[in-house]
Amino acid sequence: MAGFAVGDGDFLLDGRPLRLLSGALHYFRVHEEQWGHRLAMLRAMGLGCVETYVPWNLHEPAQGRFVDVGALGRFLDEVAAAGMRALVRPGPYICAEWENGGLPHWVTGPLGRRVRTDDAEFLGHVERWFRRLLPQVVARQVDRGGPVVMVQAENEYGSYGSDAVYLRRVVELLQACGVTVPLFTSDGPEDHMLTGGSAPGVLATVNFGSDAREAFAALRRHRPSGPLMCMEFWCGWFEHWGAGRAVREPGEAAEALREVLECGASVNLYMAHGGSNFGGWAGANRSGELHDGALRGTVTSYDYDAPVDEAGLPTEKFWRFREVLARYAEGPLPEVPAPPVRIGCPVAAVVDGWVPLAEVLEVLGDEEVTAPVPPTFEELGVDRGLVRYRVDVPGPRRPYPLSVSGLRDVAVVTVDGVRAGVLAAEEAVLAEPVAGPAAVELWVESLGRVNYGPRLAEPKGITGGVRHERQYLHGFRARGLRLDAIGEGGAKVAFRPVGRGAADAPAGAGGAGGTGSAGAVAGAEGAGAVGRPRSTGTRSSGAEGAGAVGPGCGPGSGSAGGGEPGLYRAVAEVAAPGDAALELPGWTRGFVWVNGFCLGRYWSAGPQESLFVPGPVLRAGVNEVWVLELERGGEDVRLG
């Protein structure tokens with residue numbers, strides 16, 4: 001069996017120096033049937049190693065309920081079959097622009113600031129998780145004939161905390177679970193980050209996107225010996241809803257990569273291929289230099305402006321990087337694989353059914369909870385989705401401002417069954433005062449839990465209270481609607497044919513009037529109802545555009561369900577499956593499923609304007625699309 005070691009100046013494979021040329025590819029952001037193609041793209045670019053995180057919350061969504069932990073092992077087997085090595089980053093915290101940084105809501109809800117510290121309860125959860133997960137890694141270590149050459153302890157801990165005892169516990173736990181390959185940490189190239197995030201006897205690496213010589217000089221101040229490695233070479237960046245595009249010029253990125261390699265260092269391209277935040281698992285950030293400002297939800301696409309784009313296609317950056325990496329690769333580079341098959345022609349799906357949002361909640365929602373104050377998402381057991389809060393304003397009383405404190409993140413508000421506005425700030429006030437008595441409903445949606453910085457582990461929902469003038473309102477009824485419940489049980493709802501029943505939508509579903517959130521960013525300054533939807537251009541995630549042509553590519557129906565919030569059903573016929581981009585012109589904000597597979601969130605706030613549909617999700621013939629619209633629906637559902 002091969003032996004991999006950390007030497008004084010190099011990585012050593014069976015005693016011979018080895019430079020790691022690696023790229024990040026997260027198995028959970030790529031459809032399993034497309035892993036092989038994406039790995040082949042990395043090989044063709046000149047990479048011989050792949051790095052992946054492991055999201056704890058994806059695999060243990062509720063305490064003790066594990067979901068497909070074996071996916072990591074299957075991915076590592078594909079890595080081995082591709083002739084590549086692997087770096088595994090199991091956390092327990094991963095950042096990754098992933099919901100809650102990979103930490104389960106059922107951990108962060110009760111523990112809050114105690115996570116990522118030497119807290120016995122937190123470490124107990126981590127140990128149980130590691131003992132379930134790590135056999136997938138241990139059996140595939142290089143000293144057992146597998147591809148895994150290194151495993152990370154924690155992740156960028158120096159950007160968060162300074163609990164050296166906690167870091168040591170994570171290291172000891174990994175080793176106790178059977179990890180024998182070298183461990184490493186990764187942090188920003190700044191003294192306080194390296195001081196807080198490094199562990200004695202564990203390789204320290206640094207993360208950056210430019211100025212490699214300065215970054216490695218900082219690392220050498222803390223670690224005079226050991227291999228140099230940029231564990232995250234940021235060759236692109238992620239995007240937030242309501243913000244601009246994130247683009248890095250390919251030539252400039254290639255020169256920055258060349259500088260890393262000229263330093264004699266190993267490198268991991270972050271991201272080599274980004275993929276997609278399927279299932280509504282995108283995280284969020286806080287704005288500001290210290291990451292404690294307004295919330296900025298991350299878009300569904302994790303394209304990352306990577307060299308291999310979201311659809312698996314080579315970009316100009318791919319070719320520039322291939323040219324740089326060829327000089328350092330182990331042998332000639334393989335040919336670039338053929339692109340994945342796309343659907344043969346654009347298809348306009350026929351919207352044929354609709355169910356009001358309140359009826360969806362009645363069929364698929366969790367049990368309603370009654371409490372004096374509004375329970376949080378965590379207290380209700382909701383990870384991704386929304387919660388309907390109901391509360392009464394006593395009366396008679398004259399109109400006063402109705403405000404919400406600690407709102408995370410967006411609320412569609414109705415008063416006596418009439419939509420009164422959309423609130424999108426933590427401290428928000430309805431535009432019009434409310435008189436009592438009145439029945440108030442707030443449909444609150446999380447835009448993703450924070451994945452980085454001091455606001456990690458903060459709760460979602462109404463985390464403060466609802467006030468009428470200065471008076472807190474009490475006596476809440478709260479009911480959660482989890483995204484997974486829709487994906488698993490959407491077929492249970494009774495869809496109405498379109499064109500009837502829209503005017504009879506239950507009060508809780510909200511009215512067609514009022515204002516929308518398309519022009520807002522969660523956490524934006526100001527309070528009350530935000531502007532109406534604005535039109536946006538077309539960005540098609542690699543699609544060639546969409547239109548209505550020919551049989552199986554025919555026109556869709558007109559407006560369905562009167563544009564009311566609710567679950568819409570559409571039918572799309574394709575001649576043969578293939579990758580596609582799904583577009584929702586005129587729709588506002590919500591989630592989409594294709595044949596039961598959740599593509600993630602859409603939002604007319606942009607910049608993302610279509611959702612990537614992996615070819616294996618589609619089938620020849622009839623395909624069913626569900627659109628959960630939370631504000632105002634549109635007319636068309638298109639596959640291109």
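Now for a look at the structure at hand. This one's a predicted model, so the numbers in the text were calculated from it and none came from an experiment. (Residues numbered from 1 in each chain as written. Predicted model: local features only at pLDDT ≥ 70, side-chain atom pairs only at ≥ 80, totals over all residues. Heavy atoms only, no water.)

## Some details on helix α10 (residues 250-262)
The test is simple: Helix and strand assignments come from DSSP, with helices taken as H or I runs of at least 4 residues and strands as E runs of at least 2, each series counted from the N terminus. Helices are assigned an expected span. That span is 1.5 Å times one less than the residue count. Note on classification: 1.4 Å probe, protein chains only; a residue is buried when its accessible area is under 20% of the maximum for its type, exposed when over 50%, partly exposed between these limits. Pairs of residues are marked as contacts when any of their non-hydrogen atoms sit within 4.5 Å. Throughout this description, a polar contact denotes any pair of N or O atoms lying within 3.5 Å of each other; where both atoms belong to protein, one of them has to be capable of donating a hydrogen while the other can accept it, and for residues adjacent in sequence the pair is counted only when both atoms sit in side chains.
Taking 1.5 Å of rise per residue, the 13 residues of α10 would be expected to cover 18 Å, and the 18 Å separating its terminal C-alpha atoms lies within 8% of that figure. The complete set of buried residues in α10 reads Pro250, Gly251, Ala253, Ala254, Ala256, Leu257, Glu259, Val260 and Leu261. Elements that come into contact with the buried residues of α10 comprise β4 (21-25), β9 (203-208), α9 (212-222), β10 (229-234), β11 (266-273) and α11 (316-326). One side-chain oxygen of the residue at the start of α10 lies 3.0 Å from the amide nitrogen of Gly251, identifying that residue as Glu249. At the exit of α10 stands Gly264, carrying a positive phi of roughly 80°.

## Side note on the packing of α10 against α11
Applicable threshold: Helix axes use the C-alpha atoms of the stretch in contact, all axes being lines fitted to C-alpha atoms, and the angles between their N-to-C directions lie in the range 0 to 180 degrees. Geometric relationships in this document are graded by angle, where less than 35 degrees denotes roughly parallel, more than 145 denotes roughly antiparallel, 65 to 115 denotes roughly perpendicular, and other angles denote oblique. Crossing handedness follows the turn of the near helix against the far one: under a right angle anticlockwise gives a left-handed crossing, and clockwise gives a right-handed one. Charged means Asp, Glu, Lys or Arg here, nonpolar means Ala, Val, Leu, Ile, Met, Phe, Trp, Tyr, Cys or Pro, and polar covers whatever is left, Gly included.
It is the contact of α10 with α11, at a shortest axis distance of 9 Å, that shows an interaxial angle of 25°. It follows that α10 is roughly parallel to α11 by the angle criterion. Seen along the crossing, α10 lies across α11 with a hand that is right-handed. Between α10 and α11, the contacting residues are Pro250, Gly251, Ala253, Ala254, Leu257, Arg258 and Leu261 on the first element and Glu316, Lys317, Arg320, Phe321, Val324 and Leu325 on the second. Of the residues assigned to the contact of α10 with α11, the class counts are eight nonpolar, one polar and four charged.

## Some points on the side chain of His31
Among the structural elements, His31 can be located in the loop between β4 and α1 (35-45). On the basis of relative accessible area, His31 is assigned to the buried category, the value being 16%.

## With respect to the sheet that holds strand β7 (residues 148-152)
Our working rule: Pairing between two strands is assigned when DSSP locates at least 2 bridges connecting them.
Ordered in space as β4-β5-β6-β7-β8-β9-β10-β11, the eight strands form a closed barrel in which the pairing is parallel. Averaged over all pairs of adjacent strands, the angle between their axes in this sheet comes to 30°, without regard to strand direction. Here β4 runs beside strand β5 (residues 49-53); their pairing, made up of three bridges, is parallel. Bridge pairing in β5 places Ala24 opposite Glu51. Each of β9 and β10 is contacted by α9, which is oriented at about 150° to β9, the strand it contacts most.

## Things to note about the sheet that holds strand β24 (residues 476-482)
In a beta sheet, neighbouring strands are held together by backbone hydrogen bonds and run either parallel or antiparallel to one another. Read from one edge of the open sheet, six strands run β15-β24-β16-β21-β18-β19, paired in antiparallel fashion. Where the open sheet ends on each side, the last strands, each with one partner, are β15 (369-371) and β19 (418-423). Within the sheet, the average angular offset between the axes of one strand and its neighbour, ignoring direction, is 25°. Relative to strand β21 (residues 434-445), strand β16 (residues 385-400) runs antiparallel, the two being bridged by 10 bridges. By the bridge assignment, Leu386 is partnered in β21 with Glu445. Strands in contact with helix α12 (residues 357-364) are β16, β21 and β24; relative to β24, the strand with the most contacts, it is inclined by about 85°.

## Considering the nonpolar core
Counted only if it meets this: Buried residues of nine kinds, namely Ala, Val, Leu, Ile, Met, Phe, Trp, Tyr and Cys, make up a nonpolar core once their side-chain atoms join them within 4.5 Å.
Counting residues in each nonpolar core, the largest one holds 113 residues, and the members touching the most others are Met150, Phe216, Phe233, Leu269 and Phe321. Apart from the residues within four sequence positions on either side, Phe216 is in contact with Val206, Phe208, Leu228, Met229, Cys230, Val260, Cys263 and Ala265. Counting residues in hydrophobic clusters, the runner-up holds 31 residues, among them Val299, Leu364, Val412 and Leu481.

## Focus on helix α5 (residues 120-133)
Between its first and last C-alpha, α5 extends 20 Å over 14 residues, near the 20 Å set by a 1.5 Å rise per residue. Turning to α5, the residues buried within the fold contact α2 (56-59), α3 (70-81), α4 (105-111), α6 (135-138) and α7 (164-176). One side-chain oxygen of the residue at the start of α5 lies 3.1 Å from the amide nitrogen of Glu121, identifying that residue as Asp119.

## Observations regarding the pattern of salt bridges
Rules: Any Lys or Arg side-chain nitrogen located within 4 Å of an Asp or Glu carboxyl oxygen qualifies as a salt bridge.
Counted according to the given criterion, the structure contains 42 salt bridges. Of the charged contacts, one joins Glu316 and Arg320 as a salt bridge, the two residues approaching to 3.2 Å between their closest N and O atoms. Of this pair, Glu316 and Arg320 both sit in helix α11, separated by four residues, roughly a single helical turn. Of the charged contacts, one joins Glu359 and Arg496 as a salt bridge, the two residues approaching to 2.3 Å between their closest N and O atoms. Placement of the pair is Glu359 in helix α12 and Arg496 in strand β25 (residues 496-497), with a sequence separation of 137 residues. Shared partners join several salt bridges into a network, and the residues in it are Arg286, Arg408, Glu426, Arg455 and Glu458.

## Observations concerning the layout of surface pockets
For clarity, the threshold we go by: Here a cavity denotes a set of grid points, spaced 1 Å apart and computed over the protein atoms alone, in which a 1.4 Å probe fits but from which it cannot get out, and a pocket denotes an open set meeting protein on both sides within 12 Å along at least five of seven lines; residues with an atom within 4 Å of a point are reported as lining. Grid points are joined across faces, edges and corners, and a volume is the space filled by probe spheres set on the points.
Volume-wise, the largest pocket comes out at about 750 Å³. Forming the walls of the largest pocket are 27 residues, and the residues nearest its centre are Leu58, Val67, Phe278, Trp281 and Phe597. Those elements that place two or more of their residues in the lining of the largest pocket are α2, α3, α14 (483-489) and β29 (597-603).

## Quick word on the packing of aromatic side chains
The geometry of an aromatic ring pair is captured by two quantities: the separation of the ring centres and the angle between the planes. Our working rule: Ring pairs shown here join Phe, Tyr and Trp side chains whose ring centres sit within 6.5 Å, with only the six-membered ring taken for Trp; geometry is labelled stacked below 30 degrees between planes, edge-to-face above 60, and tilted in between. Charge-over-ring placement is defined geometrically: NZ (Lys) or CZ (Arg) within 6 Å of the ring centre, and within 35 degrees of the ring normal.
Applying the stated rule across the entire model yields 27 aromatic pairs. Measuring from centroid to centroid gives 6.5 Å for Phe233 and Phe321, while their planes differ by 50°, and the two rings are tilted. With Phe233 in strand β10 and Phe321 in helix α11, the pair connects residues that are 88 residues apart, well separated along the chain. Per residue, the accessibility class of Phe233 equals that of Phe321, and both read buried. Ring centres 4.8 Å apart and planes at 25° place the aromatic pair Trp237 and Phe238 in the stacked group. The class for Trp237 is partly exposed, based on a relative accessible area of 40%. Among the aromatic side chains, those forming a connected cluster through ring pairs are Tyr53, Trp234, Trp237, Phe238, Tyr270, Tyr302 and Tyr304. Across the ring face of Tyr302, the terminal group of Arg29 is positioned such that the distance to the ring centre comes to 3.6 Å.

## Topic: empty space enclosed by the protein
This structure, assessed with the given rule, holds five cavities of 30 Å³ or more. Counted as a void, the second largest cavity has a volume near 50 Å³. Along its surface, the second largest cavity is lined by Glu99, Gly280, Ala282, Asp383, Arg384, Gly385, Ser446, Leu447, Gly448, Leu483, Phe591 and Arg601. Per-class residue counts for the lining of the second largest cavity are four nonpolar, four polar and four charged.

## A word on the pairing of β9
Applicable threshold: The definition of a right-handed crossover adopted here requires that, viewed with the strands pointing away, the path from the first strand over the helix to the second runs clockwise.
β9 sits mainly inside the fold: six of its six residues count as buried. Side chains Leu203, Thr205 and Asn207 project from β9 onto one buried face, and the interleaved Ala204, Val206 and Phe208 project onto a second face that is buried too. Where strand β8 (residues 183-187) lies against β9, four bridges are found, and the strand directions are parallel. Within β9, the position partnered with Ser186 by the bridge is Thr205. With helix α8 (residues 191-197) bridging β8 and the parallel β9, this β-α-β connection has right-handed handedness. Alignment of β9 against β10, held across three bridges, turns out to be parallel. The partner of Asn207 across the bridge, within β10, is Glu232.

On their own, these measurements won't tell you what the molecule is for.
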